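Each chain, written out:
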Amino acid sequence: MSNNGQSKRNAKKHPYLAGNFAPVTKTWTPTSVSWTGDLPKELNGGMYVRNGGNPMANSDLGRDAHWFDGDGMLSGVWFARSDNSANGLDVQFVNQFILTDVFLSQVESPAICTPILPSIATLTNPASCFFWIIWRIIRTVFIVLLSHLPGSGIAIKRISVANTSVLYHDGRALATCESGPPIRLTLPELETVGWFDGNAVEGEPKARDKKDEPTLGGTGPLSWMREWSTGHPKVDNATGELVIFHCSFAPPYVQYSIVPSTEANLADHHSSETAVRITNAAVPGCTGGKLMHDFGVSKHSTVILDLPLSLSPLNLAKNSPVVAYEPWKPSRFGVFPRQHPEAVRWFETDGCCIFHTANTWDEFDADGNVAAVSLLACRLTSASVVFSAGNIVPPPHPNHKDVRSEKPMSFFAKYDEESEKQDPEKIDETSPLISHKDMVPNPFGASSHLPISDDDEEQCRLYYYRFSLDSATENVITHQFALAAIPVEFPTVSPLTAMDSARYIYACSTSNESFGAALGKASKIDILVRFDVKALLEKAQSEPPDAITGCVDNRSLAQIMASTDPNDPIKVFQFPPNVYGQEATFLPRSRRGSATNKNTAFDEDDGYLVFYTFDERQLDEYGECTDDAKSELWVLDAQSMTKVQCKIQLPTRIPYGLHGNWFTEEQIARQKGVDKVRTLPPGARAADTQWSRIKRSIHGRLG
């Protein structure tokens, strides 16, 4: 065996930096690609874009790395119209780093060999000592301050890596992340324009007659913190409003903003002149700094999730990690009219974690007033994903039970029993739990013979909450139960029914209860699930499940997959053996009938699911991707959940990542103008001056 092969075999790789989780280094300008199958006409002119962390540094670190870290990279497929193509389309692939301040600063200063921001793994690891965490925070502050001194090429004004999601609002495509405001990009080139402050974007032409509106974060010494925005802002497709919240560890902890659209053609019942703008309004009653990733928004209401997953440096004073889960504390849901956060009402129930909501809708009384707000979300009974995605053994649940075949499981659970018994400070977290060679091949797919456990101590289920507003004095959750026992995450809904009582929810799952252990904790998707919410809630009325712990449908995934009932409320698409997917986005089929008649009847599930896939037969004997490994974009018929309509072959692989979105041809066409985009000059480095040499020396000592 060659020395290179020997070193590769012995290399200890973080599971979320290995295989198809490993970052890619090459970017692609729009490049024509081929496909097989039939391209639905709904794709014409549109573009699918997915965001995700792709660290340009830190690729060899172990414990101090996390799946949620990493510089944002956008990967897109544009179905461009073309007169030179036989079928009128030129399908093009493009991927680009989001040129954030942090990314540009790291390129300018290659001596910075570890990320500027502290890893989430550092902040969550019980084995991280107080002084190490403080040093990592001080290092970040020092590098940021250093970048503002005269002679620096890049000043770090925002610390966001913009690696979470991507959306469209008011003529702009925006990438998001919790540690900063949204940042604008162009379609289809995926070039970075600049930060969006809720009013304007740097790099856009300044409108002479534009009214000077307050900006996200406002003014004052803490404005930089108050512009931190959720990774999942909501856009009302009828009014064009952007609804967003900002969470920090300084009182009032959560602030709330609504940014109206200036596109009058989108405002069905709120013109741009009368739409209400809210900027950084306090949401009273929040209990502290929290790791708030998502929230719920309906046509008339908003739901803030104040859950027992804290994120605050003040935790260090209590001898707890900066990110700490306290499941003995209650989960609190703040419900208020969309435009009146001061009228929030707080509902409490058992502690849990929710990272993604699926849909939110209102119920009305006879007088047309909102009588209740319903929320569908992926509810976890532990925070194991926060730890496992950093290759850290999660702390045991306070209600943990010693079980074997019924071991607690969730979509993101960790499953290695031996690692539970070890001292976290002595575990070598730079290596995966199990090597590629230890995996047992299964000719029928990814261990599809294994059942899914439904132990109540470790769940990740599609969950239904109903918050009653009938009483003026009591805040009662009238319904709270799971729609099904199977584990699901990364939910999606049709844009035509979002913020309304959507009948269908789509989500991701896995066919293997022990997939976390077999894949070194790195969760992989080989199942897509469609839930008929209407049918399941109707069943809950006739057969009410137990509150909190109950399920409407208690079948295992294997039982659901074996069903031949054409009207089964749960349908499943299983990927072929060795093929894994990513979060799907729903694309509605064009409505039948007149294009101008918005009341034309349509089937909610009549459309397609669009998602990236990767065939892991392209991994080598050490579980690493070969140099020529490639991904595909699949388009699945959402009604049948069986027919893959077409497959687009890409020139590179797309690492397993986070959230994507579909941008229509009309949205691409009506983007606002751009004066200047951020660029990365070839061989970008700071000028060779005395100051630059001093700065490089300081960065080298900081590591």
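Since the structure is predicted, the reported quantities are computational estimates derived from the model, not experimental observations.

Quick word on the overall build of the chain
Item 1. When helices and strands are counted, the chain shows twelve helices and 34 strands.
Item 2. Among the 703 residues that make up the chain, the fraction classed as buried is 58%.
Item 3. Pairs at least 24 apart in sequence give 69% of the contacts found in the chain among residues at least 6 apart.
Item 4. Total accessible area computed for the chain in this model is approximately 29100 Å², and 52% of it derives from carbon and sulfur atoms.

Considering the pairing of strand β7 (residues 172-176)
Item 1. Counted residue by residue, β7 has five buried out of five residues, so it is predominantly covered.
Item 2. Residues Arg172, Leu174 and Thr176 of β7 are buried on one face, and the alternating residues Ala173 and Ala175, pointing to the opposite face, are buried as well.
Item 3. Bridge count between strand β6 (residues 165-169) and β7: five bridges; the pairing is antiparallel. Opposite leucine 167, over in β7, you have leucine 174 as the bridge partner.
Item 4. Connecting β6 to the next strand, β7, in antiparallel fashion are two residues, including aspartate 170 with a positive phi near 50°.
Item 5. Examined bridge by bridge, β7 and strand β8 (residues 183-185) share three bridges and lie antiparallel to one another. Note on β8: the bridge partner recorded for leucine 174 is arginine 184.
Item 6. Counting the residues between successive antiparallel strands, the hairpin from β7 to β8 contains six residues.

Some remarks on helix α4 (residues 130-147)
Item 1. The end-to-end C-alpha distance of α4 is 26 Å, a good match for the 26 Å that 18 residues give at a rise of 1.5 Å each.
Item 2. Of all the residues in α4, the buried ones are Ile133, Arg136, Arg139, Thr140, Ile143, Val144, Leu146 and Ser147. For α4, the arc enclosing every buried residue in end-on projection is 165°, short of the 170-degree limit, so these residues lie on one face. Residues of α4 that are exposed and angled more than 90 degrees away from the buried face: Phe131 and Leu145.

Some details on the sheet that holds strand β19 (residues 345-349)
Item 1. What the four strands build is an open sheet, ordered β14-β15-β18-β19; its pairing is antiparallel. Each end of this open sheet is capped by a strand with a single partner; those strands are β14 (296-297) and β19.
Item 2. Relative to strand β18 (residues 331-337), strand β15 (residues 301-306) is paired through six bridges, and the arrangement is antiparallel. Note that in β18 the partner of leucine 305 across the bridge is phenylalanine 333.

A word on the sheet that holds strand β11 (residues 242-247)
The strands making up a sheet are joined through hydrogen bonds of the backbone, oriented either antiparallel or parallel.
Item 1. Strand order in the open sheet formed by four strands is β10-β11-β12-β13, with antiparallel pairing between adjacent strands. Of all the strands in the sheet, the pair left with one neighbour each is β10 (234-235) and β13 (278-282).
Item 2. In this structure, β11 lies alongside strand β12 (residues 254-259), joined through six bridges in antiparallel fashion. Each residue of the ladder has a partner; that of phenylalanine 245, found in β12, is tyrosine 256.

What about a nonpolar patch on the surface?
Item 1. A surface patch of nonpolar side chains, about 280 Å² in accessible area, is lined by Trp132, Trp135 and Ile138.
Item 2. Secondary-structure assignment places tryptophan 132 in helix α4.

Looking at the UniProt feature "binding site: Fe cation" (unreviewed entry) in the chain
Item 1. The positions UniProt marks with the feature "binding site: Fe cation" (unreviewed entry) are His232, His293, His356 and His659. In sequence the annotated residues extend across 428 residues, while in space they remain close, none of their C-alpha pairs exceeding 12.5 Å.
Item 2. Assignment of secondary structure puts histidine 293 in the loop between β13 and β14.
Item 3. You can call histidine 293 buried: its relative accessible area is 12%.
Item 4. Apart from the residues lying within four places of it in its own chain, the contact partners of histidine 293 are Thr164, Glu178, Thr230, Gly231, His232, Phe355, His356 and His659.
Item 5. By secondary structure assignment, the location of histidine 356 is in strand β20 (residues 353-364).
Item 6. For histidine 356, a relative accessible area of 7% puts it in the buried group.
Item 7. The contact partners of histidine 356, leaving out residues within four places of it in the chain, are His232, His293, Asp294, Ala377, Cys378, Glu489, Phe490, Pro491 and His659.
Item 8. There is a polar contact of 3.3 Å between the side chain of histidine 356 and the side chain of histidine 293.

Details of the environment of proline 40
Item 1. Summarising the element assignment, proline 40 is placed in the loop between β2 (34-37) and β3 (47-50).
Item 2. With relative accessibility at 6%, the residue proline 40 sits in the buried group.
Item 3. Between the C-alpha atom of proline 40 and that of aspartate 637, which follows or precedes it by 597 residues, the distance is 9.9 Å.
Item 4. Ignoring anything within four residues of it in the chain, the contact list for proline 40 reads Tyr608, Val635, Gln645 and Cys646.

A closer look at the confidence of the model for the chain
Item 1. Summing up the model confidence of the chain, the mean pLDDT is 83 and the portion of residues at 70 or higher is 81%.
Item 2. For residues 414-456, every residue scores under 50 in pLDDT, and the model assigns this stretch 102 contacts once sequence neighbours within four places are set aside.

A look at the pattern of salt bridges
Item 1. Enumeration according to the criterion identifies 26 salt bridges in this entry.
Item 2. One salt bridge in this structure joins aspartate 637 and arginine 589, with 3.3 Å as the shortest N-O distance. Here aspartate 637 is found in strand β32 (residues 631-637), whereas its partner arginine 589 is found in the loop between β30 (585-588) and β31 (607-615), with 48 residues between them in sequence.
Item 3. When salt bridges that share partners are traced, they join Asp170, Arg172, Arg184, Glu204 and Lys672 into one network.

Describing the packing of aromatic side chains
Item 1. Per the counting criterion, the structure on display carries 27 aromatic pairs.
Item 2. Taken together, a centroid distance of 5.3 Å and an interplanar angle of 25° make the contact between tyrosine 506 and phenylalanine 586 stacked. Residue tyrosine 506 is found in strand β25 (residues 504-509), and its partner phenylalanine 586 is found in strand β30; the two are separated by 80 residues along the sequence.
Item 3. On the basis of relative accessibility, which here comes to 2%, the residue tyrosine 506 falls in the buried class.
Item 4. What makes phenylalanine 586 buried here is its relative accessible area of 3%.
Item 5. The rings of Tyr16, Phe21, Trp67, Phe68, Phe614 and Tyr656 are connected pair by pair, giving a single aromatic cluster.
Item 6. Seen from the ring of tryptophan 28, lysine 26 lies directly overhead, with NZ or CZ sitting 4.0 Å from the centre.
Item 7. When the ring centre of tyrosine 463 is taken as reference, the NZ or CZ atom of arginine 379 above it lies at 4.6 Å.

A look at helix α9 (residues 533-542)
Given 3.6 residues per turn, any residue in an α-helix points the same way as the ones three and four places further on.
Item 1. By the burial criterion, the buried members of α9 are Val533, Leu536, Leu537 and Ala540. Here the buried residues of α9 occupy an arc of 95° about the axis, which is enough to place them on one side. Within α9, the exposed residues directed more than 90 degrees away from the buried face are Gln541 and Ser542.
Item 2. Measuring from the side-chain oxygen of the N-cap residue of α9 to the backbone nitrogen of lysine 534 gives 3.3 Å; that N-cap residue is aspartate 532.

Here we look at the pairing of strand β26 (residues 527-532)
Item 1. With six of its six residues buried, β26 lies for the most part within the structure.
Item 2. Residues Ile527, Val529 and Phe531 line one face of β26 and the alternating positions Leu528, Arg530 and Asp532 line the opposite face, and both faces are buried.
Item 3. Across five bridges, the pairing between β26 and strand β28 (residues 570-574) is antiparallel. Paired with arginine 530 across the strands is lysine 571, a residue of β28.

Re the side chain of glutamine 255
Item 1. You can see glutamine 255 is positioned in strand β12.
Item 2. Residues within four places of glutamine 255 in sequence aside, it is in contact with Arg226, Ile244, Phe245, His246, Asn280, Ala281 and Ala282.

So, how was this worked out
- Residues numbered from 1 in each chain as written.
- Predicted model: local features only at pLDDT ≥ 70, side-chain atom pairs only at ≥ 80, totals over all residues.
- Heavy atoms only, no water.
- Helix = DSSP H or I, 4+ residues; strand = E, 2+ residues; numbered from the N terminus.
- Buried < 20%, exposed > 50% of the residue type's maximum accessible area, 1.4 Å probe, protein only.
- Contact = heavy atoms within 4.5 Å.
- Areas by Shrake-Rupley, 256 points an atom, 1.4 Å probe, with all protein chains shown as cover.
- Pairing = 2+ DSSP bridges.
- Expected span 1.5 Å × (residues − 1).
- Arc of directions from axis to C-beta.
- Patch = residues over 30% accessible without salt bridge, like charges linked within 9 Å, V, L, I, M, F, W, Y side chains within 5 Å.
- Salt bridge = Lys/Arg side-chain N within 4 Å of Asp/Glu carboxyl O.
- UniProt positions renumbered as here; feature names shortened; annotations may be inferred.
- Polar contact = N/O pair within 3.5 Å; in protein donor to acceptor, adjacent residues only side chain to side chain.
- pLDDT = per-residue confidence, 0-100.
- Phe/Tyr/Trp six-rings, centres within 6.5 Å; stacked < 30°, edge-to-face > 60°.
- Lys NZ or Arg CZ within 6 Å of the ring centre and 35° of its normal.

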